[in-house]
Amino acid sequence: MIRKRTRSLWASLLAGTLVLTLALPGGRPVLAAEAGAQAAAAGSIVDERQVQIGPGAVYTWKDMKLDRGLEKLHMVEFDPSNPALVLEPGMTDGKVYGMQPVSKMAADIDRAGNRVIAGINGDFYDMSSGVPLGYFMGSGKILTSPPNDWYAFGIKEDGTTMYGPSPKLARTLEIGGQKTELTSINRTRGNNDLVLYTNDFYGSTMTNDLGDEVVLDVVKGEVKSGETLELKVADVHKDKGSTPLAPGQVILSASGSQRAVLAGLKAGDTASVTFGLEPAWSGVTMAIGGSALLVKDGAAQPNSDPAAHPRTAIGTKADGSVVMLEIDGRQPGFSEGVTLAELGQIMAEIGVVNAINLDGGGSSTFIARMPGETSRTLLNSPSDGGERKTANGLLLVNKAAEGPVDKLVVQPQLARVLAGSTAAFKAAGVDANLHPAAMDGTPEWNVNPAIGTIDGSGVFTAGSTPGQADIAVTSGGASGAGKVEVVDTLTELKFGDQLRSFPPGQSETLKVTALRDGQVVQADNRLLTWRVEGPIGSIDAAGVFTAAEGNELSGKIVVSYKGVEA
């Protein structure tokens, strides 16, 4: 039921629940017989979808119910030992400093041979600079040095993963036989610091003039564990900051008493910096920081944070597969969010044995490229109302070669449809490695006539008998299939808004969410019964409401189906 007023000025609330629900990607469904049987330690599963998005990579969406309310979960699970799959760091225009949406980070590195198929936001960060709080590595390069506190996730070239406190990193500067430990790498310089800045940081050091900076040419080596940078002084800037950073150079920046370390250096002098991670982390090629361990050796860890928020996490199962997970929150009635303890419990329930918490709240982001699509889609519902700019991210890349069409994929891969209603399916071609590929010919559709009919454009019309069937499609020798479930029972109807205002005389087709035991059902308006209570206007059989002429009129719009009413 919607309570309505007609006014001369337009005012409305966004009907976000309906739009977001119908936009969810299809996949392996939870069908009627399973809906009540699946339960997690932290709640029950209302609905679920699962679809392969790359070789050894599966995307899952779950609608869960905890005591607090509904929770929307997105995750991708992949085999890190698969040579086609690589986890790469998301950065801002390729730099540490700054912030940008995860979708832009993905677009920046997406190219043939390096297709980003999924991504999540990463570490917590300084919101004034975008510099992440924890350890950050990519392709073996140290992008930011590890702090003394915090936690980290790391992955080695063979797919082995690491979780725990931030690793210890020796970063030893040697000048004229004198050795000094650097304060940090690519971090904001404090009042008494010695910082190494690389070209990965930004266009300049972004420091003030209360220090000295030495520009050094890299003669040999990289900023990687186990390597030594051999350097030659190119220039010295006394009492000057924000020195430009250029490829092939690094900058040593000193403040306070650390200025003495660089005193006396002049053009042509030599220096070196040696890097060494603690042995357990040797061989890690990509790493990112997080605030807490969620799961350790299979046990969910106690965490004292009592508040429910959107959350993002990464974890590893006993078989070595990696899970990148996001749960929406701060959206009552849609997704409430979870505590850290609940997040750990949920991850342990799905088989994760080690995991850390990443940045959450408005930063929580989940993107993926669905089968047959050429670009990625923001799949979660950020609590800010849109995708937030963040410091870094984790991007899953499919490096397999792109080839000709191998099979067809159907979207949605499941449609749950009310008897007599319609649902539109579409087909797309993919190659053997799940990259999009051009179809040959025109798709031909087929479905069991006992469940309904489907026309040449992929529009399915449900019959009157409830049941399940495959939606088959062929084109040029390639084939694929989706699923349809026809239902004839609803348990709830929900309007996106309980209060709406319309200008006099305006017409609008109303939208209502139809549910069967919490699962969304596509229902044509014409199959529902509509009525108006009060002198606010009229509504036709298709749910088109026309506001009456006049101001400050109030009343109700009611929709029903077989005794279920909203």
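Residues numbered from 1 in each chain as written. Predicted model: local features only at pLDDT ≥ 70, side-chain atom pairs only at ≥ 80, totals over all residues. Heavy atoms only, no water.

A. How the structure looks around the sheet that holds strand 20 (residues 284–290). Across the sheet, five strands lie side by side as 9-8-20-10-11; this open sheet has antiparallel pairing. Of all the strands in the sheet, the pair left with one neighbour each is strand 9 (141–144) and strand 11 (161–165). Within this sheet the neighbouring strands show an average axis-to-axis angle of 25°, counted without direction. Relative to strand 9, strand 8 (residues 136–138) runs antiparallel, the two sharing three bridges. Looking at the pairing, Phe-136 lines up with Thr-144 of strand 9. (Pairing = 2+ DSSP bridges. Helix = DSSP H or I, 4+ residues; strand = E, 2+ residues; numbered from the N terminus. Axes fitted to C-alpha atoms, helices over the stretch in contact; angles between N-to-C directions.)

B. Quick peek at the environment of Tyr-197. Looking at the secondary structure, you find Tyr-197 in strand 15 (residues 194–197). A relative accessible area of 0% places Tyr-197 in the buried class. In the structure, Tyr-197 is positioned 339 residues away from Ile-536 in sequence and 67 Å away in space, judged by C-alpha atoms. Ignoring any residue separated from it by four or fewer positions in sequence, one finds Tyr-197 in contact with Asn-186, Arg-187, Thr-188, Arg-189, Thr-205, Thr-207, Leu-245, Val-250, Ile-251 and Ser-253. Within the structure, Tyr-197 has its side chain in polar contact with the backbone oxygen of Arg-187 (distance 2.6 Å). (Buried < 20%, exposed > 50% of the residue type's maximum accessible area, 1.4 Å probe, protein only. Contact = heavy atoms within 4.5 Å. Polar contact = N/O pair within 3.5 Å; in protein donor to acceptor, adjacent residues only side chain to side chain.)

C. Spatial organisation of helix 2 (residues 102–109). Buried within helix 2 are the following residues: Val-102, Met-105, Ala-106 and Ile-109. Seen end-on, helix 2 carries its buried residues on one side only, within an arc spanning 95°. Of the surrounding elements, those touching the buried residues of helix 2 are strand 6 (85–90), strand 7 (115–121), strand 26 (366–368) and strand 28 (393–398). (Arc of directions from axis to C-beta.)

D. Seen up close, the environment of Ala-355. Take Ala-355: it is sitting in strand 25 (residues 352–357). Taking relative accessible area as the criterion, Ala-355 reaches 0% and is therefore assigned buried. In this structure the C-alpha to C-alpha distance between Ala-355 and Tyr-163, which are 192 residues apart in sequence, comes to 6.8 Å. Beyond its immediate stretch of four places on either side in the chain, Ala-355 contacts Tyr-163, Ala-292, Leu-293, Leu-294, Val-295, Ile-314, Gly-315 and Met-347.

E. Structural context of the sheet that holds strand 36 (residues 459–462). Sheet architecture is open: three strands sit in the order 31-36-35, paired in antiparallel fashion. Looking at strand neighbours, the two that pair on one side only are strand 31 (422–424) and strand 35 (452–454), the edges of this open sheet. Each neighbouring strand pair of the sheet contributes to a mean axis angle of 15°, computed without reference to strand direction. Relative to strand 36, strand 35 runs antiparallel, the two being bridged by three bridges.

F. Expanded view of the side chain of Thr-207. Looking at the element boundaries, Thr-207 is found in the loop between strand 15 and strand 16 (212–220). With a relative accessible area of 12%, Thr-207 lands in the buried category. Engagement of the side chain of Thr-207 in a polar contact is seen with the side chain of Thr-205, the distance being 2.9 Å. Of note is the side chain of Thr-207, whose polar atom sits 2.7 Å from the side chain of Glu-213. If we skip the residues at most four places from it in the chain, Thr-207 touches Arg-189, Tyr-197, Glu-213, Gly-241, Ser-242 and Ser-253.

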